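Fold and geometry: a report
Here are the chains, one letter per residue:
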Amino acid sequence: MNRVMDLFVLKAVVDDLRQHLPGAVLSKVFQMSPHDLLLRLWRHQDGRLLLSTQAQWPRLYLTDTRFRNPQRPPRFAAFLRAHLSQVRLSDVTVQPYDRVVSLHWERPGVTGPALTLIHELYGQHSNIVLVDAAGLILDALIHRPATTASQRILMPGQRYQPLPQPAQRCLAPDLTVEALTQLREQGLFEAHGLQRLVVGLSPTLAAELIHRSQGQPQRCWELLQELVQHYRQATLT
């Protein structure tokens, strides 16, 4: 089962995290599996932030769950411990209308974020990448050397580049009634077609939008723009 944390759920999570986490100090990093990290943060009390890159369920949230951890930290967890331990979290941001969250870290006496931990929640392309202030990759949970000229490189020493979006897809606020009408004319006005058209929609949300629009592109557009308005106003929770 594919349980996608879509762009609206992710924005609501980030809005909540911004209320509780900035100012917290990283005390420990655990890597429970090849795809899951847990950041222990201290700000008046202990907080546990889960970051997962599981292809079927990439996710990010605070948790009270206790996990079993390997006796020796894996490579990436050890690297993060060396670079982020006792560093303060200054902000949590999300790439607008997409599924990329950045945790910004600062060191005492240093102006601006010193390091950024980027969590890409892209299904099978999900990853967690640590970059410096110049945007150079220090390390990544999953190393991705290029195998063709068109593939993105995620390797230490390379400049971080966001995953490019296919030309036929659009962000939610850029969606037009005309694009939805064309989708209907092509016989693709259904959940899968809508999900392929708009970046960051989950199968569940796409199906709900199609159901509630009752086959009308105009109504589908209106429903989605209502969500966009809540996104802008940070009122999704």
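Preceding this section is the structure that the text describes.
Residues numbered from 1 in each chain as written. Predicted model: local features only at pLDDT ≥ 70, side-chain atom pairs only at ≥ 80, totals over all residues. Heavy atoms only, no water.

Tracing the backbone through its elements, the reader meets Pro 162 in the loop between β9 (137–140) and α3 (177–185). Remark: the alpha-carbon pair of Pro 162 and Gln 229, spanning 67 residues in sequence, is separated by 25 Å. (Helix = DSSP H or I, 4+ residues; strand = E, 2+ residues; numbered from the N terminus.)

The subject of this paragraph is the side chain of Thr 116. On the secondary structure map, Thr 116 appears in strand β7 (residues 115–120). Every residue in contact with Thr 116, bar those within four places of it in the chain, is listed here: Ser 102, Leu 103, His 104, Trp 105, Val 129, Leu 130 and Val 131. (Contact = heavy atoms within 4.5 Å.)

Among the nonpolar cores identified, the biggest contains 55 residues, and Leu 103, Trp 105, Leu 117 and Leu 201 are the most heavily contacted of them. The leading source of residues in this core is helix α1 (residues 7–20), at six residues. Leave out the neighbours within four places in its chain, and Leu 103 touches Leu 39, Leu 49, Leu 51, Leu 89, Asp 91, Val 92, Leu 115, Thr 116 and Leu 117. Membership of the second largest hydrophobic core comes to nine residues, among which are Val 129, Val 131, Ile 137 and Leu 154. (Core = buried A, V, L, I, M, F, W, Y, C linked by side-chain atoms within 4.5 Å. Buried < 20%, exposed > 50% of the residue type's maximum accessible area, 1.4 Å probe, protein only.)

Within this structure, the stated rule accounts for two aromatic pairs. Aromatic ring contacts, followed pair by pair, group Phe 8, Tyr 97 and Tyr 231 into a single cluster. Directly above the aromatic system of Tyr 231 lies the positively charged group of Lys 11, at a separation of 4.9 Å from the ring centroid. Sitting over the ring of Trp 57, Arg 59 keeps its end group 4.0 Å from the ring centre. (Phe/Tyr/Trp six-rings, centres within 6.5 Å; stacked < 30°, edge-to-face > 60°. Lys NZ or Arg CZ within 6 Å of the ring centre and 35° of its normal.)

Attention now moves to the pairing of strand β8 (residues 127–132). Extensive coverage of β8 is indicated by the burial of five of its six residues. One ladder, built from six bridges, connects β7 with β8; its direction is antiparallel. Bridge assignment links Thr 116 to a residue of β8, and that residue is Val 131. In textbook terms, the turn of a hairpin is the stretch between consecutive antiparallel strands, and for β8 and β9 this stretch comprises four residues, one of which, Gly 135, has a positive phi near 85 degrees. (Pairing = 2+ DSSP bridges.)

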